[in-house]
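# Architecture and fold: a report
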Amino acid sequence: ESTIPEGTTSGEGTTSSEAVEQEVIYASTTDAVGLSPILTNDSVSSSVMSQIYENLFERNPETMELEPKLAESYENTDELTWVIKLKEGIEFQDGTPFNAEAVKYTFEKLIDPATAAPRASLLEPIDTVTAIDETTVEIKTKYPYGPLLAALSHSNAAIISPTADEAQDLMQEPVGTGPFKFASWNQGDQIVLEKNEDYWDGAPDLDRVTYKVVPEISTAISMLQTGEVNFIDALPSEQLSRVESLENVEVTKKEGTPVYYLTFNHSEERNQNPDFRKAVASAIDRDAFVEKLNGLGVRSDSILGPQVFGYEESADNGGTAYDPEAAKQLVEENGFGDEPIKLLAANRDNFILMAEIVQAQLTEAGFNVEIETMEWATFLDTARAGEYDLTFLSWSNVTSDGSEMFYPNFHSDNIGASNRAQYSNPEFDKLVEASRTTVDQQERKSYLAEANQLMLDEDAAIVMYHGVVTAATDQSIQGLQLDPNGQWFLQNVTRE
Amino acid sequence: MAETLLEVKNLVTSFRTAEGSLQAVRNVSFHVDKGETLCIVGESGCGKSITSLSVMRLLPSNGTIENGEIQLSGESLQRLSNEQMRQLRGNKMSMIFQEPMTALNPVLTIGYQLREPLFLHHKLSKAEANNQSIELLRQVGLPNAEKRLNQYPHELSGGMRQRVMIAMALACHPSLLIADEPTTALDVTIQAQILDLIKDLKDKLNMGVLMITHDMGVVAEVADRVMVMYAGKKIEEGPVREIFENPQHPYTIGLLNSVPNVDDPEFELEPIPGNMPGLNEKITGCRFHPRCKFAMDKCKTDVPPEFNAGKGHYASCWLVDKEVEPVDDNQRKTILKV
Amino acid sequence: MTTAETIESKPKKREKYYITTIRRLFKNKLAIVGLIIVILQILIAIFAPFITIHDPIRQNLASSQMPVFSEGHWLGTDNYGRDVWSRIVYGARISLVVGSVAVVLGLVGGIILGMLAGYYRKMDAIIMRFVDLLFSFPGILLAMLIIAILGTSLVNVAIAISIWSIPTCARIVRGSVLSIKEKEYIMAMRSMGASDLRIMVRHILPNASAPIIVFATMRMATAILSTAALSYLGLGAQPPTPEWGAMISQGQDFMWSSPHLTIVPGIAIMLTVFAFNVLGDGLRDALDPNMDLQQ
Amino acid sequence: MTTIKEKLFLKSDILLELDGVKKYFPIKAGILKRVKGNVKAVESVSLKLYKGESLGVVGESGCGKSTLGRTILGLEELTDGKIFFNKQEIQDLKRKEKKKFVKEMQMIFQDPYASLNPRQRIGHALDEVFKMHTNMPLQERRDAVEDLLKEVGLKPEHYDRYPHEFSGGQRQRIGIARAIALNPQFIICDEAVSALDVSVQAQILKLLKTLQEKYNLSYLFISHDLGVVRYFCDRVLVMYLGNVVEMSDVSSIFKNPLHPYTQALLSAIPRPTVNAKKDRVRLVGDMPNPANPPSGCPFHTRCPIAQEICKVDKPAFIEHEKDHFAACHFAG
Amino acid sequence: MIALIIRRALQLLFLLFGISFLVFSSMYIAPGDPAAVIGGPTATESDITAIRDNLGLNDPFLTQYARYVGNAVQGDFGYSYQTTQPVANAIMIRFPNTLKLAIASMIVAIIIGVITGLISALKQNSWLDISATTFALAGISIPNFWLGALLILVFAVNLQWLPVGGMSNPFYTIDGIKELILPAITLGTGSAAMIARMTRSSMLEVIRADYVRTARAKGVKEKNVIWIHTLKNAMIPIITVIGLNFGFLLGGTIITEKVFAINGVGRLMIDAIAARDFPMVQGSVLLVATLFVVVNLIVDIVYTYIDPRIKYE
Ligand SMILES: Nc1ncnc2c1ncn2[C@@H]1O[C@H](COP(=O)(O)OP(=O)(O)OP(=O)(O)O)[C@@H](O)[C@H]1O
Ligand SMILES: Nc1ncnc2c1ncn2[C@@H]1O[C@H](COP(=O)(O)OP(=O)(O)OP(=O)(O)O)[C@@H](O)[C@H]1O
Ligand SMILES: [Mg+2]
Ligand SMILES: [Mg+2]
């Protein structure tokens, strides 16, 4: 009720183009759950929060290197100790100074079981956080923890204002150090952010940012066309050609970190047969599938994608290649087609598409595959409990760190929770642990690459594609920063 | 001679049914003059109501007028457009229907249904129409008229509903009133009151009345002329006195003999034997002959035309033809009564 | 007795009630059109293999999203290159069966509840509140419950959809019953000692048939469309099994690039519903003795 | 045929007895439809009906005759009073037992069209009666229905017709056929022959009489046609505004009406002769409102001989002559 | 009548009680764990346990239910698992939109439905009837998302007369009305179809009644014969359908709300179910149930005005 979007008033004479309003209206398919980095774990919330809050570190979208943000620098005094120097003179939007106490407060709150933070595990390795002085924080981990900086760059590890957190509900009224500050939120409808005039890195050009909830992507595209919104992202491949055909719209595509893969239920006996897995892997024509994505997918066998720390080019073709004849032969020899195979697919993203194509290809090879679709919450339960034969999973790697991918998804520690593939391989576990507990990044990278290849050799998971992040913006929008993990920043955006 | 108000010539009305086409009214002609009451009597199911509905052009959807001409004040009703016909109905000509329960709209108040013709044809305001409705209900002897206006048909007794129907039909002082058994559900005191009311209006407005009734007492009281129908045909017509005192058609005679006599406790009813034939029954000759005690061979083969029995009295019976030289009235009556 | 020899006219051979109704039904040209469509659809469903060239689930990614009247695929192909005509034809099997079973089940439940509620004042409150409860209970949740308790099968789809139609049907029936039961002929039947059951079934139901027929024939459309929502939950036909409702909802994604993927199954549903509706209209007319069919 | 005298002798055989039967209808008014009083349709009626007797009920329209009939059959809930049929109180019967009684008590409704199911062929309507109460096989039932149709002067081919395809009188005959189908002991005839032409009426009256003689039937015969009442009934009951004001055997009512209302009624009968002189007792004024009946004698507002006492005292219903009851202070 | 209203109010309490139990138990039985949804795919065992503890989901079923009812009786409908905000707030933000939409589309539906229904009935079996029937059937067979998209394409994108979506202006402003038009049409067509068909059949039932003939005999204009004498008698099933549809619309209609980006109860409920956000589901179902009972009460009262013979004692 508060703000009238530009598009709806365009009829009434505000079309004069001299002074373009410095406003971006972004359409998202769902509303943010909340605006506290600690209590949320969804992408919309984090895309709002990433304009309001900032992290100690961030990954440079071009070089994919981790760089300090709120931090000035860091050093490892030993394998377990991280001493982080903070930037000086930064204030939260409510005037609270940003300092070591704030960092300590934030991290401790996130870890505290009483908070029940959904991503508490992110900082699980942290043992203590100490504010050495105003601008120095010392973090001690329980064991050597390599991906710590990546974890600190995760949007859920953004720094909150302790005074604000104590005074109000950050879920509703967030306060951070970022370039935009919270203005209003009409639940389910829109969130409005305003320019933070006092932003430490120079106030942004945009006066206002509106997040509008438009659940139907095709409606959002229509709105983009009429100017009711001027920025959308995560375009589905079916709609890509339509968006690209719009005259006033520019489409940005960028290889991203999400990965979509077919996995076996490794706790099942049949799936433990390497021939079975090989048969499946060689029956699936991933190239044909990626072609269906209209350029919104990157073909690579590697489980850690090109944008993820730990990727090595050699892994692109490191898996079993498509070979229908070989697959047929294997199926026939081993009678793999006798028993029906339950292919579980969640009803969202591209899972059904994958399921239908893979089912057809597996059938072609002689398997007997039945698809079972499910809505998301049920799927999470079912997959976690391992009640399937084959299923599709995905991982959108926010920190772009390979450990972040391998540990929750394939480490035997997490069977019964996030390791839905029920994958348990001691050798693999060791490599992953090493990648986590090593602080040296180069070393870590080689562990990860090794683990990656190990999985490919075993056909433990068959990568369907790696995601491409997209954004469609009105021509007038310049300077959008799009990260491979799908996040974006409006700090440098202007409208012309 | 008085001015003719309604003239019906050779009316044939038939129904489409599952059994094929049924002729309910067969070639009936009659007329009603201004200020005159014509009563139609006849066996139930003989086509009286259908005749009157044909005049109103309100036949059931499966009925059609196949032939004939209906004129009101010299104007052919069949040629009128629906809209012209509508303006006549309820205004120049109105009708009281036989079954008052189903003829009143169950979901509208009595008041609304009564006011409606007044709004329509006299363009009265609501208050005026209300007053007039109350007056009308008074005239038809309905007690507590004001209260009744807000009641619904199902809250009234049969007789009350009938009186509402009558009031509605009389509301606009029509020049032709068709009344289909208007007083069957009324007790005699009210019946008398209503008949007087109709008579008053008739005299005052020179209204013509076409009344259908089974009550010979009523016929005797109100009719100027009587028309007797049998199995879809008119079989006799004449001034009321003629019909009662000098009936010509054996059916008419039989009818009069079946009237119960209030004044004579020992009176025995004498129904006409047999039943009216079905509409689609093929009967050659006179349609009454299977039940007629006097049926002759001729009756079985030839349809009797209408014979003039004098004094504006017509009958369709071969007996009349035979007696063109009139026999002694009493003598014939006794012959017939045997 | 005075009734003398009645003129015996030979009564025509008496027809069974339903035969007359059917005869009356056939007088209605539109109803015949409806009947022909329904029969055609049934035949199509039965003889599906004989009237299609392509396997309805066989993919051909190379020739996906072909428009209608393409060579070899007169209704085009879908996103997976599957022949739309084949899918429509095979889809009829599930859609028609599930649709009609669900409607019939829902009708039975709705009519029973509605009748009882309308007829017995005492039961009205309980039944109608129960119906309100069914109505306000979210369908998705109900379907989830059915999956959890009964599992996923086509029969359960029909059950779920029929439960959705019960409240609406019950309300419609009750409304009519409330007004019909006050009619005088019902009183007459009571005076004759007719049992309540008889009054309800033989006297009230036929007089309430018109809105029920309308409801049932319209419900067919929503029932078929609902199967999509249920297969979304994993209840009922799973991909790649062809089924009209699911075809429509999958086509939604390609509404802009390949509109035929929604239009074609949409027309199939509409034809079905059209057929049932005109048939229902005809039936209504045939059952209404007041109707003059020759008009 | 038994004479009236003989019948009155057989008084011991009471078929139906009403004791202070009352039926009020609540009046609702206003947007919220609150009860604003009662229409006193039947105000305390007591009577005895003997086996084989026809009791005529006459009275002004709206005085509660039909309501009385419906109340006896239990179609309207009794407001007060008791009804005994064959010495058994019938209100609190169990359903099973009730069904037996129902078979014995039938009603011919005043409005024949409204009382027929518009979607039921009349053959089926009649057939249904047999179906409900007998175990006759189909063919037998069909024959019975056809016989019934013939008996009331309709044709077997009418079997397949719907009610709207009949004339008013024909519908009434269907109602009659339905009521006599099961040979009940008692029939309430609510204007049962009013829509019939006199010749059919005569036929039907004869039929009813024949049935009465054959099965010792009793009738409660509601009618406005006093000629028919005189012909058909043994005793007559005159109602006014929900009250019984006079009751006697038919000849003494017609010869010697005691109540002024009865007198007015009789004087208003139209005679089927063209020359009859018409000196009616004209009733002035409206029938009072049954929701708000006048004090004292209900008739005093319109009574030509009313005195002061009539306005305050409700006259008792007493026997003025042998078997001739009337409720009037100045009866005679 | 007052008694009827009071009685219904009491029944409503029981109904709400029953429905909350039903919702509660079905959410309990149905697969899917709210904590897993909140935790997302990344959640570890300990994350989920912590969340479950925090939400009180580890308590026995009856304890949870009793707690819910206990709070609800005091007017506290709990906090969303997802957003941690009060359920009542979340619903009240959305409800006005849903109400607006429901009323607007009901108006559209009634106008279109009754008029086409009347035309079909009066011109029975003519080409007009057939086209009206076809129109109605198209209305019910066309999926809302499709119709909505089509309307957007034509009226919002190409002609630019109306906005594509959203609902943020008060309904009495021009913008507010503009926002309502397309969704109301999209949503109204289904109901219009049902109303049209019901009107047609119901009119045919009464159009040949004797009292209609009486009206004609009085010279009542054909228009009034139809609208007053016939339609009122045919109204019971039509009103039933209108009431049902209105109740249904008040429950929110997910598709239309989605297509037109309307922040309504339907979307809220479906999202809550998907996220297993029990308190939110409960709250919205209870709201829908209450509305439905109210609408039906109104319908029942309207019955007695339409048909004076109907009584409820
Ligand atoms: N809609 C109809 N379809 C077929 N036949 C009909 C229809 N309406 C009436 N009839 C038949 O037409 C004949 C004449 O009916 P009509 O109503 O005119 O009789 P009537 O003389 O008014 O009898 P009554 O005195 O009993 O009212 C009857 O035999 C009746 O069965
Ligand atoms: N359902 C009802 N609601 C309210 N009042 C009613 C109802 N039914 C009948 N009445 C009233 O009860 C009184 C008696 O009606 P009843 O039908 O018994 O009269 P009646 O003696 O049969 O009259 P008639 O000879 O005209 O048929 C009338 O005043 C009538 O208005
Ligand atoms: Mg008649
Ligand atoms: Mg009566």
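Residues numbered from 1 in each chain as written. Chains lettered and ligands numbered in written order. Predicted model: local features only at pLDDT ≥ 70, side-chain atom pairs only at ≥ 80, totals over all residues. Heavy atoms only, no water.

### Some remarks on the coordination of the magnesium ion (ligand 4)
All names here are of chain D. Operational definition: Because water is not among the atoms used, a metal site may look incomplete, as its donors are only the N, O and S atoms within 2.8 Å, or 3.2 Å for Na, K and Ca. Helix and strand assignments follow DSSP, with helices taken as H or I runs no shorter than four residues and strands as E runs no shorter than two, numbered in order from the N terminus. The buried label applies to any residue whose accessible area, calculated with a 1.4 Å probe on protein chains only, is under 20% of its type's maximum; exposed applies above 50%, and partly exposed to all values in between.
The protein atoms donating to the magnesium ion (ligand 4) are Ser66 (OG) and Gln110 (OE1), with metal-donor distances spanning 1.8 to 2.2 Å. Of this pair, Ser66 sits in helix H2 (residues 65-72) while Gln110 sits in the loop between strand E6 (105-108) and helix H4 (122-133); the two residues are 44 residues apart in sequence, bridging distant segments of the chain. This pair shows no difference in class: Ser66 is buried, exactly as Gln110 is.

### Structural notes on the site of ligand 1
Cut-off, in case you're wondering: Whether a residue is near a molecule or strand depends on its heavy atoms: it is near if one of them lies within 4 Å of it. In protein, a polar contact means a hydrogen-donor-capable atom and an acceptor-capable atom, both N or O and within 3.5 Å, with residues adjacent in sequence counting only if both atoms are side-chain atoms; elsewhere, any N or O pair within 3.5 Å suffices. Only the protein chains shown count as cover for residues, and all accessible areas are computed by the Shrake-Rupley method using a 1.4 Å probe.
The local shell around ligand 1 holds 24 residues, among which Gly45(B), Lys48(B), Ser49(B), Ser167(D) and Gly169(D) are the closest. Near ligand 1, the surrounding residues belong to chains B and D. With respect to ligand 1, the side chain of Ser44(B) contributes an N or O atom lying 3.3 Å from an oxygen atom. The separation between an oxygen atom of ligand 1 and a polar main-chain atom of Gly169(D) is 2.5 Å. Calculation on ligand 1 without its partners gives an accessible area of 630 Å², and the protein chains cover 97% of this total.

### Regarding the sheet that holds strand E10 (residues 233-239) of chain B
All names here are of chain B. Worth spelling out the cut-off: When DSSP finds at least two bridges between two strands, those strands are taken to pair. Contacts are assigned to residue pairs that have any heavy atoms within 4.5 Å of one another. Structural elements are reduced to axes, namely lines fitted to C-alpha atoms, with helices fitted over the stretch in contact, and the angle between N-to-C directions of any two is expressed from 0 to 180 degrees.
Pairing in this open sheet of eight strands is mixed, and the strands run E6-E7-E8-E3-E9-E10-E12-E11 from one edge to the other. In this open sheet, the two edge strands, each paired with only one partner strand, are strand E6 (93-96) and strand E11 (307-308). Strands strand E3 (37-42), strand E9 (225-230) and E10 of the sheet are contacted by helix H11 (residues 250-257), whose axis makes an angle of about 105° with E9.

### Quick notes on the interface of chain C and chain A
The line we're drawing: What gets called buried area is simply the loss in accessible area from a 1.4 Å probe that two parts show on being joined, summed for both. Definition used for salt bridges: Asp or Glu carboxyl oxygen within 4 Å of a side-chain nitrogen of Lys or Arg. Classification convention: Asp, Glu, Lys, Arg as charged; Ala, Val, Leu, Ile, Met, Phe, Trp, Tyr, Cys, Pro as nonpolar; all other residues, Gly among them, as polar.
If you look at the interface, chain C gives 21 residues, while chain A gives 22 residues. Contact between chain C and chain A buries roughly 1,800 Å² in total, counting both sides, with carbon and sulfur atoms accounting for 49%. The interface formed by chain C and chain A includes two salt bridges. The interface formed by chain C and chain A contains five residue pairs in polar contact (both at pLDDT 80 or more). Looking at which element gives the most residues to the side of chain C that touches chain A, the answer is helix H10 (residues 209-233) of chain C, with three residues. Tallied by class, residues from the side of chain C that touches chain A come to nine nonpolar, nine polar and three charged.

### Considering the UniProt feature "domain: ABC transmembrane type-1" (unreviewed entry) in chain E
Under the convention used in this document: UniProt positions are given in the numbering used here, feature names are shortened, and annotations may be inferred rather than shown by experiment.
UniProt annotation of "domain: ABC transmembrane type-1" (unreviewed entry) refers to residues 95-303 of chain E when read in the numbering used here. Each end of residues 95-303 of chain E is marked by a C-alpha atom, and these two atoms are 27 Å apart; helix forms 81% of the span and strand 0%.

### Examining the confidence of the model for chain B
Which entries qualify depends on this criterion: pLDDT: the predictor's confidence for each residue, scored from 0 to 100.
Of the residues in chain B, 93% reach a pLDDT of 70 or more, and the chain-wide mean stands at 84. Of the regions scoring below 50 in pLDDT, residues 324-338 of chain B engages in 16 contacts with residues more than four places distant in sequence or in other chains.

### Some points on the interface of chain B and chain D
Facing 66 residues of chain B, the contacting portion of chain D comprises 61 residues. For the pair chain B and chain D, the summed buried area comes to about 5,100 Å², and 54% of that belongs to carbon and sulfur atoms. The largest per-residue losses of area from chain B upon contact with chain D belong to Glu99(B), Val188(B) and Val262(B), which jointly make up 13% of the total buried on that side. Linking chain B to chain D there are 10 residue pairs in polar contact (both at pLDDT 80 or more).

### Here we look at the site of ligand 2
Within the structure, ligand 2 sits among 23 residues, and Glu155(B), Gly159(B), Gly62(D), Ser66(D) and Thr67(D) are positioned closest to it. More than one chain lines the surroundings of ligand 2; the residues nearby belong to chains B and D. Gly159(B) is positioned such that a nitrogen or oxygen atom in its backbone is 2.5 Å from an oxygen atom of ligand 2. Separating an oxygen atom of ligand 2 from a backbone N or O atom of Cys63(D) is a distance of 3.2 Å. Protein chains shield 94% of the accessible area of ligand 2, which is 640 Å² for the free molecule. Partitioned by chemical class, the residues of the shell around ligand 2 number eight nonpolar, 11 polar and four charged.

### Considerations on the UniProt feature "transmembrane region" (unreviewed entry) in chain E
Residue and element names in this part refer to chain E. The UniProt feature table records "transmembrane region" (unreviewed entry) at residues 12-30, 101-122, 134-160, 180-198, 234-255 and 285-306. The span residues 12-30 is 95% helix and 0% strand, and its two end C-alpha atoms sit 26 Å from each other. Helix makes up 100% of residues 101-122 and strand makes up 0%, while its end C-alpha atoms are separated by 31 Å.

### With respect to helix H13 (residues 278-306) of chain E
The condition is simple: Here, expected helix span is obtained from the residue count minus one, scaled by 1.5 Å.
Here H13(E) is 29 residues long and its end C-alpha atoms lie 41 Å apart, about the 42 Å a rise of 1.5 Å per residue gives. Here H13(E) lies mainly inside the structure; 24 of its 29 residues are buried.

### Regarding the environment of Ile191(A)
All names here are of chain A. Within the secondary structure, Ile191 sits in strand E9 (residues 190-195). Classification of Ile191 as buried rests on a relative accessible area of 2%. Spatially, the C-alpha atoms of Ile191 and Phe107 are 26 Å apart, while their sequence positions differ by 84 residues. Ignoring sequence-local partners within four residues, the contact set of Ile191 consists of Asp31, Ala32, Leu35, Val48, Phe182, Ser184, Trp185, Val209, Thr210 and Tyr211.

### What to know about the packing of helix H1 (residues 2-29) of chain E against H13(E)
For any two helices packed against each other, the geometry comes down to the angle between their axes and how far apart the axes lie. Residues and elements named next belong to chain E. How we decide: Reported orientations rely on four angle classes, namely roughly parallel under 35 degrees, roughly antiparallel over 145, roughly perpendicular from 65 to 115, and oblique for the rest. Crossings are sorted by hand: turned counterclockwise from the far helix by less than a right angle, the near helix makes the crossing left-handed, and turned clockwise it makes it right-handed.
The geometry of H1 relative to H13 is characterised by a closest axis approach of 9 Å and an angle of 150° between their N-to-C directions. Here H1 is positioned roughly antiparallel relative to H13, judged by the angle of their axes. The chirality of how H1 crosses H13 is right-handed. The segment H1 lies against H13, with Leu4, Ile5, Arg8, Leu12, Leu15, Leu16, Ile19, Ser20, Val23, Phe24 and Met27 engaging Phe278, Val281, Gln282, Val285, Leu286, Ala289, Thr290, Val293, Asn296, Leu297, Asp300 and Ile301. Counted by class, the contact of H1 with H13 contains 17 nonpolar, four polar and two charged residues.

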